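Listed here are the chains, written in short residue letters.
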Amino acid sequence: MENNPSIFSGRLTKFRAKLREKDIDGALITKRENYIYLSGFIGTSAFLVITQEAAVLITDFRYVEQASSQAPDYEVIKYQGSILTAINDVLKSKGVDRLGFEESYTTYDKYKEYKAKLEVRELNPLQGMAENLRIIKDEQEIGIIKTAVKIADGAFQHVLGVIRPGMTESEVAAELEYYMKKQGAKGASFETIVASGERASMPHGVASEKVIQTGDVITLDYGAIYKEYCSDMTRTIFLGKPSEDLKKIYNIVLEAQQRAEEKAVAGLKGKEIDAVARNVIAGHGYGDYFGHGLGHGVGLEIHEEPRLSMMGDLVMEDGMVVTVEPGIYVNGLGGVRIEDMVVIHGDQPMILTQSTKEMIII
Ligand SMILES: [Mn+2]
């Protein structure tokens, strides 16, 4: 990650203000996406202790050097033996009495250990304190996400020239992933979905050994991880001339996608944007065949807040990055989904995904 130190100290300042609001004097952060966000350290093991005055990163021998260079705002402490002892020592030396912990990522076993071994007066749930800061992306994050999207767009262009009848879905997935890595991606942001023919009726049909044949509809849903940030896109294409039913479904999904995307604007709730797509699809009689939410936030995690679904109560704000991905799935026939990534930007949604959404028949 290109560590601009001022970005991380700015995030620490915001996080500390939230701690003060909740009257918590120290936070223990163990979830990888959260410690990346707050410190800049991208290794696979770290424990942050953040108080009003201190920022400590505890890690093991493997990561001391990396942590020191990636997280200059932090005092890096190496532990050997018991991590709980190391955390407890830091809590004591920093005078932490009311400790906040990440309740959604703490197993019951760990919680019991915290209770038994950490000498603090209170253990308080942080209630998504770091995750809530992550919802709005800053300029640096949006820049990285744009590159992650561009890599996925390039892979789509690449794979269009490669797909042939006789290939398996797994081979197509491998082409997408190989291309993305060649363009600088660390890997795929989730298990690549290549669902062809009748399998396209499975919204999450991960690539299988099925051989792709002429006449198949093919749903490609995939993304890249670039500098720890994810992208996510879906296109549905046809190998040979599609049936009238599938063509009709394609055009309905496209209309729903475009109409909803135009409404991905600041001030609307996730569920209001979801309703735009849902109403288009229901209006054509396919309401029962769109069984998932319209979209989700994307960032360090592939699925994060805000949710664009019937339950999405969060109001859109500038800097949120979301997907818009309606679909129609008909058992025995196949399915169509079209997905772009969008940055909320006043009343002018910034559509990141550039691949064409015109019907592609190869
Ligand atoms: Mn998605």
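Residues numbered from 1 in each chain as written. Predicted model: local features only at pLDDT ≥ 70, side-chain atom pairs only at ≥ 80, totals over all residues. Heavy atoms only, no water.

### A word on the overall build of the protein chain
The helix and strand tally for the protein chain stands at ten helices and 19 strands. Each of the three principal axes of the protein chain carries a C-alpha extent, and together these read 70 × 40 × 35 Å. Put simply, the protein chain has 362 residues, and 55% of those count as buried. Sequence-distant contacts in the protein chain: of pairs separated by 6 or more residues, those separated by 24 or more amount to 65%. Of the roughly 15600 Å² of accessible surface on the protein chain, a fraction of 50% belongs to carbon and sulfur atoms. (Helix = DSSP H or I, 4+ residues; strand = E, 2+ residues; numbered from the N terminus. Buried < 20%, exposed > 50% of the residue type's maximum accessible area, 1.4 Å probe, protein only. Contact = heavy atoms within 4.5 Å. Areas by Shrake-Rupley, 256 points an atom, 1.4 Å probe, with all protein chains shown as cover.)

### Things to note about unusual backbone geometry
In terms of backbone geometry, most residues other than glycine have negative phi values and most peptide bonds are trans. Cis rather than trans, the peptide bond between Glu 305 and Pro 306 has omega equal to 0°. Residue placement: Pro 306 occurs in strand S14 (residues 304-308). In this structure, Gln 127 is a non-glycine residue whose phi angle is positive, near 50°. Topologically, Gln 127 is positioned in the loop between strand S6 (122-125) and helix H6 (129-134). You will see that Glu 228, though not glycine, has its phi angle at about 75°, which is positive. Within the element layout of this structure, Glu 228 appears in the loop between strand S10 (224-226) and strand S11 (229-230). Residue Glu 228 is classed as buried on the basis of its relative accessible area, which comes to 8%.

### Some words on the coordination of the manganese ion
Every protein donor of the manganese ion is accounted for by Asp 232 (OD), His 296 (NE2), Glu 325 (OE) and Glu 339 (OE), and the metal-donor separations fall at 2.1 to 2.4 Å. Counting gaps between the donor residues of the manganese ion yields the pattern D-x63-H-x28-E-x13-E. Within this pair, whereas His 296 is found in strand S13 (residues 295-297), its partner Glu 339 is found in the loop between strand S17 (334-337) and strand S18 (340-343), the two being separated by 43 residues in sequence. For the residue pair His 296 and Glu 339, the accessibility class agrees, reading buried in each case. (Donors = N, O, S within 2.8 Å, 3.2 Å for Na, K, Ca; no water.)

### Comments concerning helix H2 (residues 32-39)
Across the eight residues that make up H2, a large majority, seven, are buried. Listing the buried residues of H2 in full gives Glu 33, Asn 34, Tyr 35, Ile 36, Tyr 37, Leu 38 and Ser 39. Phi for Gly 40, located one or two positions after H2, is positive at around 95°.

### A word on the packing of helix H9 (residues 244-262) against helix H10 (residues 270-283)
In the contact formed by H9 and H10, the axes pass within 8 Å of each other and the chain directions differ by 155°. Taken together, the axes of H9 and H10 are roughly antiparallel relative to one another. Judged by the sense of rotation from one axis to the other, the crossing of H9 with H10 is right-handed. Residues Ile 252, Glu 255, Ala 256, Arg 259 and Ala 260 of H9 form the contact with H10, whose own contacting residues are Ile 273, Val 276, Ala 277, Val 280 and Ile 281. (Axes fitted to C-alpha atoms, helices over the stretch in contact; angles between N-to-C directions. Parallel < 35°, antiparallel > 145°, perpendicular 65-115°, else oblique. Left-handed = near helix turned anticlockwise from the far one by under 90°.)

### Overview of the sheet that holds S11
The antiparallel open sheet is built from three strands, whose spatial order is S7-S10-S11. The outermost strands of the open sheet, each flanked by one partner alone, are strand S7 (187-188) and S11. Direction of pairing for S7 relative to S10: antiparallel, over a ladder of two bridges. Considered in S10, the bridge of Gly 187 is made with Ile 225. (Pairing = 2+ DSSP bridges.)

### What about the nonpolar core?
Ranked by internal contacts, the top residues of the largest apolar core, which has 68 residues, are Phe 15, Leu 38, Ile 50, Tyr 74, Leu 220 and Tyr 222. Looking at this core element by element, the count peaks at eleven residues for helix H7 (residues 139-160). When residues are assigned to domains, this core turns out to be shared by domain 1 (5-134) and domain 2 (139-351), each giving three or more. Dropping the residues within four chain positions of it, Tyr 74 is found in contact with Leu 12, Leu 38, Ser 39, Leu 48, Ile 50, Ala 55, Val 56 and Leu 57. Listed in part, the 32 residues of the second largest apolar core include Ile 135, Leu 246, Val 253 and Met 320. (Core = buried A, V, L, I, M, F, W, Y, C linked by side-chain atoms within 4.5 Å. Domains from an automatic or database assignment.)

### Observations concerning the packing of aromatic side chains
Across all of its chains, the model carries seven aromatic pairs by this definition. On the numbers, 5.9 Å between centres and 25° between planes, the contact of Tyr 35 with Phe 41 is stacked. Overall, the relative accessible area of 2% leaves Tyr 35 in the buried class. Put simply, the rings of Tyr 35, Phe 41 and Tyr 63 touch in pairs and so form one group of aromatic residues. Above the ring of Tyr 37, the side-chain terminus of Arg 11 is found at 4.1 Å from the ring centroid. Between the NZ or CZ atom of Lys 31 and the centre of the ring of Tyr 105, over which it lies, the distance is 4.2 Å. (Phe/Tyr/Trp six-rings, centres within 6.5 Å; stacked < 30°, edge-to-face > 60°. Lys NZ or Arg CZ within 6 Å of the ring centre and 35° of its normal.)

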